[in-house]
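# Descriptive analysis of the structure
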Amino acid sequence: MKVAYWPGCVSRGFTPELHGSMAKIAPLLDIELVQLDRASCCGAGVIAEHDQELADTLNARTFALAQQEIANGAELMMNICSTCQGAQTECQQRLDASTPYRDHVNATLADEGLRYERGITNKHLLWLLVEEIGLDEVARRVKRPLTNLRVGPFYGCYIVRPTARLGIDDAHPRDRYLELLIETLGGTVVDYAGSHKCCGFPIITMNKEASLKQAGRNVGDAIDANADCMVTPCPLCHLNLDLQQPLAARAVGRELGMPVLHLPQLLGLALGLEPKELGFGKHVVKPSTVIDWSTSVVAAAA
Amino acid sequence: MSEYTLRIRRYTPESGEAARWRDYTIDLDGHRSVLDGILQARDRQDGTIGIRCSCRAAICGSCGVRINGKPALACHTHLDRALAGASEGVITVEPMGNMPVIKDLIVDMDAVHWKKIQRVTPWLLPEGDPPEREYIVPPESMIDITQTMACIQCGACVSDCLSMEVDPLFVGPAALAKAYRFVGDPRDGQHYERLYNLAEDPHGIYSCTHCFNCIEACPKGVAPMSQIMRLRRLAGSRFAIDDENNGHRHELAFVHNIAKNGLLHEADLLPDSYGGKFHPRAVPELLDSLPVILRALARRKVTPAGALLHRHKAPPEVKRIFKQVHDAESSYELNLYVTGVEEQTEEGSVHS
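Read on for a plain summary of the structure. (Residues numbered from 1 in each chain as written. Chains lettered and ligands numbered in written order. Predicted model: local features only at pLDDT ≥ 70, side-chain atom pairs only at ≥ 80, totals over all residues. Heavy atoms only, no water.)

### Concerning the pattern of salt bridges
Note on pairing: side chains with opposite charge can pair once their charged atoms come close. One pass over the full model with this rule turns up 43 salt bridges over all chains. Across the salt bridge formed by E90 of chain A and R94 of chain A, the nearest N and O atoms sit 3.2 Å from each other. Within this pair, E90 of chain A and its partner R94 of chain A are both found in helix α4 (residues 82-97), separated by four residues, close to a single helical turn. Both residues of the pair, E90 of chain A and R94 of chain A, count as buried. Of the charged contacts in the structure, one is a salt bridge between E112 of chain A and R320 of chain B, with a shortest N-O distance of 4.0 Å. Note that E112 of chain A is positioned in the loop between α5 (99-110) and β4 (122-124) and R320 of chain B in helix α16 (residues 316-326), a pairing that runs across two chains. For E112 of chain A, a relative accessible area of 17% gives the class buried. One salt-bridge network, in which partners are shared between bridges, spans R38, R61, D111 and E112 of chain A together with E317 and R320 of chain B. (Salt bridge = Lys/Arg side-chain N within 4 Å of Asp/Glu carboxyl O. Helix = DSSP H or I, 4+ residues; strand = E, 2+ residues; numbered from the N terminus. Buried < 20%, exposed > 50% of the residue type's maximum accessible area, 1.4 Å probe, protein only.)

### Considerations on empty space enclosed by the protein
All names here are of chain B. Overall, the coordinates contain five cavities of 30 Å³ or more when judged by the stated rule. If you go around the largest cavity, you meet 15 residues; those closest to its centre are C151, C154, C157, C218 and V222. Of the residues belonging to the lining of the largest cavity, the class tally is 11 nonpolar, three polar and one charged. Estimates place the volume of the second largest cavity at around 80 Å³. Listing elements by their share of the lining of the second largest cavity, those giving two or more residues are α6 (162-166), α9 (213-217) and α10 (224-238). (1 Å grid on protein atoms, 1.4 Å probe; cavity = no way out; pocket = protein on both sides within 12 Å on 5 of 7 lines; lining within 4 Å. Points joined across faces, edges and corners; volume = space filled by probe spheres on them. Nonpolar A, V, L, I, M, F, W, Y, C, P; charged D, E, K, R; others polar.)

### Points about the sheet that holds strand β1 (residues 2-10) of chain B
All names here are of chain B. Spatially, β2-β1-β5-β3-β4 is the arrangement adopted by the five strands of the open sheet, whose pairing is mixed. The strands lining the two open edges of the sheet, one partner per strand, are β2 (20-28) and β4 (70-73). Direction aside, neighbouring strands of the sheet carry axes that sit 35° apart on average. Each of β1, β2, β3 (64-67) and β5 (91-94) touches helix α1 (residues 34-44); the most contacted strand, β2, lies at about 100° to it. (Pairing = 2+ DSSP bridges. Axes fitted to C-alpha atoms, helices over the stretch in contact; angles between N-to-C directions. Contact = heavy atoms within 4.5 Å.)

Shown next, in the form of structure tokens:
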């Protein structure tokens, strides 16, 4: 399937291994990525906090660019960041709720020849895997089941709340998709307190201690539940959980050392790719130094 | 009538014994509330179950608890609905979080919730002498704050506030929503003072971590986090309060970063949030983060050239939007609570 692909900023900035691993797994899942190169940052909630109309206009422009690709054969817009999903869905909710407001925003876009039409479908890779490709199909493509790998899911707030806005209901348990996917890939889901909590990243510059304590506690809870690694669909969570992990350990006063994988990395591993080509070497807590992939995962495939 | 199993967390602090779960089988129609179930268990099986309640109609805010791990009013949750969200067919009921337990399902609201409400001076502080008759204000200027007036002080948002979980001094969602009730009220004469006070508090408006738990928890649609964002917007944009917590600076640094680069350039965001790379406030912060920065460089997460140079520049169209919308004198701030959602003719699109 062809998708209008919005990678977000951080996947091309401080977590290049996310963008890289997405590019690696796409062909293995028959996803054709048409990257929205001219689009801008979603604002991550911060621009909306500063000037709501500005955030809505920037995202309406991204949606309009995606709709051009959809007119050219892409099936929908896809992103790989929980924060993008949440921030963009919030803007979309306002844009779709009011025709006068949408007209007002479109008047700004008109100078560029762009127009946003109500009702774009914008799905995170996680939702796309479950709802468009289907877990049965994903299971068929697994080459190296994640046998004996204990994985702690970590969603990121923006992709699980508020449930009504994000379309989470009994028929679409999007706040359970990570668990379903881990099982599909042959791994073991680790149930722990932090899976749906906040990583603390949004306040890292404002209340650093509280921010790092959030990250440290969540990682610590995953350790206490005997997780081998965590997996997150959000690169901003990854920054606090992995990049800041040494400082988070200091904030909570305990040793941590928990590898945190991006969603496409976990998928890639199960689809048969090697840790190195998935960018595992770029993590602060290197997954390869903590988990012996050659015995726990790779050997199981042989 | 159907049978339901309620698994209630029992705890009496002065007994010295640890908390324990006890199962109670109750017999009620599915449309009856979890509170009805708790009261039946108390009447028929164990008179010592502690629960605070009064109106049974989601008005008094007394019976806030956690049902299946999520905060809710016990009187406002149907048994059949609670069962649908339960694992293994057992409805769990436990006291709210972030507040000490007095007994079983009763938490100490005074110790946390009401103390924080008092913290924000929860009464009107008009300027000058009162008018001869009533204050006259245009109705539209009051509609916006009716959302915060809907609060029934149940504490559900406080229970699950993730910032408060790690920082008990955080003023918190209920109190900050209450603060907006007065900051948004045209009759109040202390808007600046209120905002200054909450922006400078190291545990004030800038300690909210955007987790949306309070929005999800509130049984009355108050959306406390949205009110906190309004407080930030007013503190920064209207009153230009340059707080010591880097809140306003971080916001401006982010906006300017995107205006310049189109995509977020993280290497600039951190120092700029502290006032710039060479700002006295930035230096100790950057030194503290040095191990992290060095590790990121060692892992080739970032290259020195990538961190110092800007690969990506905002396209002219993005710059134009910033000029046209951001630099405009007034902003169109759509408030769905006020306007509502217009009727949609076709199917909704959240799932398609």
